[in-house]
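# A look at the structure
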Amino acid sequence: MKKVELLLVGLSVLAFIMNYFHLPSSQLLIIFSLFSISLVYFYLGFALFNDIRFRRIFKKESYNGISKNRIIGGVGVGLALSFSAIGILFKFQSWPGASEQLGIGLLGLVIVTVISLIKIKKSTNNYYPNILKRAVCFGTVCAFLVVIPTGSWLNWKYPNNPEYVNAVLNARANPDNQELWDKVTQEREKMNNDLNK
């Protein structure tokens, strides 16, 4: 499962690089990779962090020597990382709810980091250092995305489309105004049509 995790993280980094250079299919690759990472952490985090191979998840002997606390901890870490991955995806796609997802994920990762730092001193195995590495990596990205202003983010992401950026900022400033959201849709379609030419 660690190979799947590394493959998906690598794909998401590649997708971000592709998106930076405005290459086609980068948005689709971002959605696929981050959503897949989120699913792996959400459903299989307990096994991933406890070094249980996918084909052995349903075998009772795979859990010998693993305490209930480590299984519960793996589930908690998986949830925090899953929310973080979804928050990153939502922020990168400029979807509503990104700040909430990032906040929940970041809060969970802060708790995971504190517990890992405390437990590392008492434990000699790699369980807590491995969790700490993931928490710090995802936490850093989440913290960056939380503090960057929406206008700066949109200007960086859409440098050649100031009309679209202005339409989004106006619509977010007046979320109940349907005409402004229609303008966002119109500008997005115009932007997408320009990319497909």
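Whatever comes next refers back to the structure up there.
This text gives an overview of the structure that appears in the document.

Criteria and cut-off values
Residues numbered from 1 in each chain as written. Predicted model: local features only at pLDDT ≥ 70, side-chain atom pairs only at ≥ 80, totals over all residues. Heavy atoms only, no water. 1 Å grid on protein atoms, 1.4 Å probe; cavity = no way out; pocket = protein on both sides within 12 Å on 5 of 7 lines; lining within 4 Å. Points joined across faces, edges and corners; volume = space filled by probe spheres on them. Helix = DSSP H or I, 4+ residues; strand = E, 2+ residues; numbered from the N terminus. Nonpolar A, V, L, I, M, F, W, Y, C, P; charged D, E, K, R; others polar. Salt bridge = Lys/Arg side-chain N within 4 Å of Asp/Glu carboxyl O. Buried < 20%, exposed > 50% of the residue type's maximum accessible area, 1.4 Å probe, protein only. Phe/Tyr/Trp six-rings, centres within 6.5 Å; stacked < 30°, edge-to-face > 60°. Lys NZ or Arg CZ within 6 Å of the ring centre and 35° of its normal. Contact = heavy atoms within 4.5 Å. Axes fitted to C-alpha atoms, helices over the stretch in contact; angles between N-to-C directions. Parallel < 35°, antiparallel > 145°, perpendicular 65-115°, else oblique. Core = buried A, V, L, I, M, F, W, Y, C linked by side-chain atoms within 4.5 Å.

## Re the layout of surface pockets
Considering only enclosed or pocket space, the largest pocket measures out at about 670 Å³ in volume. If you trace the largest pocket, you find 25 residues lining it, with Q27, Y158, R188, M191 and N192 closest to the centre. Secondary structure elements with two or more residues in the lining of the largest pocket: α2 (26-49), α7 (162-173) and α8 (178-196). Ranked by the residues each element gives to the lining of the largest pocket, the list is headed by α8, at seven residues. Its residues assigned to classes, the lining of the largest pocket comprises eleven nonpolar, eleven polar and three charged. Lining the second largest pocket are 17 residues; nearest its centre among them are V9, Y41, R134, C137 and F138. Broken down by secondary-structure element, the contributors of at least two residues to the lining of the second largest pocket are α1 (2-20), α2 and α5 (127-147). If you tally residues by element for the lining of the second largest pocket, the top one is α1, at seven residues. Tallied by class, residues from the lining of the second largest pocket come to eleven nonpolar, two polar and four charged.

## Thoughts on the pattern of salt bridges
All told, the structure shown has four salt bridges when counted by the stated rule. The partner of E5 in a salt bridge is R134, with the nearest N and O atoms 2.7 Å apart. Taken together, the positions of E5 in helix α1 and R134 in helix α5 put the pair 129 residues apart, joining distant regions of the chain. The two residues E5 and R134 agree in class, both being buried.

## Here we look at the packing of aromatic side chains
Summed over all chains, the structure comprises twelve aromatic pairs. Their ring planes at 85 degrees and their centres at 4.8 Å tell us that Y127 and Y128 sit as a pair that is edge-to-face. Residue Y127 is classed as buried on the basis of its relative accessible area of 5%. Residue classification places Y128 among the buried residues on the basis of a relative accessible area of 16%. Grouping aromatic residues by their ring pairs yields a cluster made of F16, Y20, F21, F92, W153 and W156. Geometry around Y127 places R70 over its ring, the cationic atom sitting 4.3 Å from the centre.

## Looking at the environment of A167
For A167, the position within the fold is in helix α7. Judged by its relative accessible area of 5%, A167 falls in the buried class. For the pair formed by A167 and Q186, sequence separation is 19 residues and the distance between their alpha carbons is 9.3 Å. Contact partners of A167, with chain neighbours within four places excluded, come to L180, K183, V184 and E187.

## Focus on the packing of α2 against helix α3 (residues 68-93)
The axes of two packed helices give the description: the angle between them and the distance between them. The geometry of α2 relative to α3 is characterised by a closest axis approach of 7 Å and an angle of 170 degrees between their N-to-C directions. Regarding the angle of α2 to α3, the classification is roughly antiparallel. Of the residues belonging to the contact of α2 with α3, the class tally is 19 nonpolar, seven polar and no charged.

## A closer look at the nonpolar core
Judged by nonpolar contacts, the single largest core of 40 residues is most densely connected at I37, Y41, F49, L81, I88 and F138. Setting aside residues no more than four positions away along its own chain, I37 makes contact with L8, V9, S12, A85 and F138. L44, F46, A47 and I52 belong to the second-largest nonpolar core, a separate cluster that totals six residues.

The analysis is restricted to geometry; functional conclusions fall outside its scope.
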